[in-house]
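# Summary of the model geometry
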Amino acid sequence: MPSAATPAATGPGAVPASVPHPLPASASGPVVALDIGGTKIAGALVDAGGRILARSRRETPAREDAETVLGAVAQVLDALAASPFWDAAQAVGIGSAGPVDAARGTVSPVNVPGWRDFPLVERVRRITGGRPVTLVGDGVAMTAAEHWLGAARGHANALCLVVSTGVGGGLVLDGRLHPGPTGNAGHIGHLSVDLDGDPCACGGRGCVERIAAGPHLARHALDQGWRPGPDGDTSAVAVAEAARAGHPVAVAAFERAARALAAGIAATAHLVEVDIAVVGGGVAAAGDVLFAPLRRALGDYATLSFARGLTVVPAATGTDAGLLGAAAAARATADGG
Ligand SMILES: [Zn+2]
């Protein structure tokens, strides 16, 4: 997920925004957005146009107990409550690292072991004075952001992917965010694209994530003989640099990841007729090193007539995608879907 928020957004208080007058408390007013990940907890007040009116951020005390982690969330919310826009905010949206269970209002983020089936929705509802709280997974949140303000804007049927340390995603169908019953629909990372492939952390085999996620891509490059530079960086970012310089093993590692992504995207297009796939996350930041082979490979897999017009584009909402997506999810719920 996009995790590197701007350093200026860190610090103890909500950063005041330069908007002259509080908005009226109405459906067009601001919402409270929370973006919860394994390294940081970001919060914002987001208005109906997607402007961030106030923001706050804390490191995630990821190794601490459940209440300590919640305490960091409460600090973020307290800082936002100091904003003159707080009283007008009538709903809360949360995008969280998964797994989430939106039906039960619980989260169990892989990188926050203190939270297992943690009742985040109820606890945040209490902290925020009984405001309604909408929970979605971070892939769905990014999708909501891209549909509202980013590269999927205006598309009634879209798939959005986050290709980073894992591969997540989400769907827009018939013009609406489609989170599914538990907030996890569109989780393209665990579509199997290699039936006899390597075992995946999810218990499956040959998943898109097992091939295309940054750490797996980099490990494959190492296994095939790529070696890092003097700085010893063996991340996918370093492999991308080598690929740009023409290192054949690095190029092949990105082509392999691109084929896995293309197969997953094509399967999705054949299944539910999306006409655009938006790809964000750290691995997607490699740019043409990923997108060029991805577009080529789509031609091999998206073969049916109705899927041939499928386009693949980079995500556009940047480091605030999680916050904007959480806000969009809160608004979608408030608007009845
Ligand atoms: Zn898997």
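Residues numbered from 1 in each chain as written. Predicted model: local features only at pLDDT ≥ 70, side-chain atom pairs only at ≥ 80, totals over all residues. Heavy atoms only, no water.

The reference angle at a metal is 109.5 degrees if four donors form a tetrahedron and 90 or 180 degrees if six donors form an octahedron. Looking at the zinc ion, the protein donor atoms are His190 (ND1), Cys200 (SG), Cys202 (SG) and Cys207 (SG), and they sit 2.0 to 2.4 Å from it. Of note, the donors binding the zinc ion are all from one chain and are spaced H-x9-C-x1-C-x4-C. You can see His190 sitting in the loop between strand S11 (176–177) and helix H4 (208–212) and its partner Cys207 sitting in the loop between S11 and H4, a full 17 residues away along the chain. (Donors = N, O, S within 2.8 Å, 3.2 Å for Na, K, Ca; no water. Helix = DSSP H or I, 4+ residues; strand = E, 2+ residues; numbered from the N terminus.)

Time to look at the packing of aromatic side chains. The relation between two aromatic rings is expressed through the spacing of the ring centres and the mutual angle of the planes. Going through the model one piece at a time under the given rule, you end up with 1 aromatic pair. For the ring pair Trp115 and Phe118, a centre distance of 4.8 Å and an interplane angle of 5° mean the geometry is stacked. (Phe/Tyr/Trp six-rings, centres within 6.5 Å; stacked < 30°, edge-to-face > 60°.)

The subject of this paragraph is the environment of Ala326. Along the chain, the position of Ala326 falls in helix H9 (residues 321–334). On the accessibility criterion, Ala326 (0% relative accessible area) is buried. For the pair Ala326 and Pro314, spaced 12 residues apart in sequence, the C-alpha to C-alpha distance is 20 Å. (Buried < 20%, exposed > 50% of the residue type's maximum accessible area, 1.4 Å probe, protein only.)

Ordered in space as S11-S10-S9-S12-S13, the 5 strands form an open sheet in which the pairing is mixed. Either end of the sheet is taken by a strand with one partner, and the two such strands are S11 and strand S13 (311–314). Of the pairings in the sheet, the one linking strand S10 (residues 167–173) to S11 comprises 2 bridges and is antiparallel in character. Residue pairing in the sheet places Leu173 in a bridge with Arg176 of S11. Running over the sheet, helix H3 (residues 138–149) touches strand S9 (158–163), S10, S11 and strand S12 (276–280) and is turned about 50° from S10. With respect to the sheet, helix H7 (residues 248–272) is in contact with S9, S10 and S12, its orientation differing from that of S9 by roughly 155°. (Pairing = 2+ DSSP bridges. Contact = heavy atoms within 4.5 Å. Axes fitted to C-alpha atoms, helices over the stretch in contact; angles between N-to-C directions.)

The linkage connecting Gly98 with the following residue, Pro99, adopts the cis geometry, with an omega of 0°. Mapped onto the elements of the fold, Pro99 is located in the loop between strand S5 (92–96) and strand S6 (100–101). Here the phi dihedral of Asp117 falls at roughly 50°; this positive angle occurs in a residue that is not glycine. Looking at the element boundaries, Asp117 is found in the loop between strand S7 (106–107) and helix H2 (120–127). Judged by relative accessible area, Asp117 falls into the partly exposed class, the value being 47%.

Attention now goes to the confidence of the model for the protein chain. Here the protein chain shows a mean pLDDT of 90. Residues at 70 or above account for 91%. Within the model, the stretch residues 1–26 combines pLDDT values under 50 with 58 contacts to residues more than four positions away or in other chains. (pLDDT = per-residue confidence, 0-100.)

In this fold, Asp101 is placed in strand S6. Relative accessible area serves as the criterion here: at 17%, Asp101 is assigned to the buried category. Not counting residues within four places of it along the chain, the set of residues in contact with Asp101 comprises Thr106, Leu135 and Thr182.

For the rest of this paragraph, the subject is the packing of helix H5 (residues 214–223) against H7. When two helices pack together, you describe them by how their axes are tilted relative to each other and by the distance separating the axes. Here H5 crosses H7 at 140°, and the two axes come no closer than 9 Å. Of the possible angle classes, the one that applies to H5 and H7 is oblique. Viewed along their axes, H5 and H7 form a crossing whose handedness is right-handed. Residues Leu217, His220 and Ala221 of H5 form the contact with H7, whose participating residues are Val249, Ala253, Phe254, Arg256 and Ala257. Here the contact of H5 with H7 is composed, by residue class, of 6 nonpolar, 1 polar and 1 charged. (Parallel < 35°, antiparallel > 145°, perpendicular 65-115°, else oblique. Left-handed = near helix turned anticlockwise from the far one by under 90°. Nonpolar A, V, L, I, M, F, W, Y, C, P; charged D, E, K, R; others polar.)

So, on to the environment of Glu255. Mapped onto the secondary structure, Glu255 falls in helix H7. Taking the C-alpha atoms as reference points, Glu255 and Glu146, separated by 109 residues in sequence, lie 25 Å from one another.

A few words on the pairing of strand S3 (residues 40–46). The element S3 is extensively covered by neighbouring structure, given that 7 of its 7 residues are classed as buried. The alternating pattern of S3 places Lys40, Ala42, Ala44 and Val46 on one face and Ile41, Gly43 and Leu45 on the opposite face, and all of these are buried. In terms of strand pairing, strand S2 (residues 31–36) meets S3 through 6 bridges, oriented antiparallel. Looking at S3, one finds that Ile36 is bridged to Ile41. In this structure, the hairpin formed by S2 and S3 is closed by a connection of 3 residues. Bridging between S3 and strand S4 (residues 52–59) involves 7 bridges; their strand directions are antiparallel. Note on S4: the bridge partner recorded for Ile41 is Arg58. Here S3 hands over to S4 after 5 residues, with Gly50 in that stretch at a positive phi of 85°.

This paragraph deals with helix H1 (residues 66–81). For an α-helix, 3.6 residues make a turn, and residues three or four places apart therefore share a direction. With 16 residues, H1 extends 23 Å from end C-alpha to end C-alpha; this agrees with the ideal 22 Å at 1.5 Å per step. All buried positions along H1 are accounted for by Ala66, Val69, Leu70, Ala72, Val73, Ala74, Val76, Leu77, Ala79 and Leu80. Lining the buried residues of H1 we find S2, S3, S4 and H2. (Expected span 1.5 Å × (residues − 1).)

Counting 47 residues, the largest nonpolar core has Leu161, Val239, Phe254, Leu261, Ile265 and Leu294 as its most contacted members. Take this core: its biggest share by element is 11 residues, from H7. Setting aside its immediate chain neighbours within four residues, Val239 contacts Leu217, Ala218, Ala221, Trp226, Ala250, Ala253 and Phe254. Counting 31 residues, the second-largest nonpolar core is a separate cluster that includes Ala72, Leu77, Val92 and Ile94. (Core = buried A, V, L, I, M, F, W, Y, C linked by side-chain atoms within 4.5 Å.)

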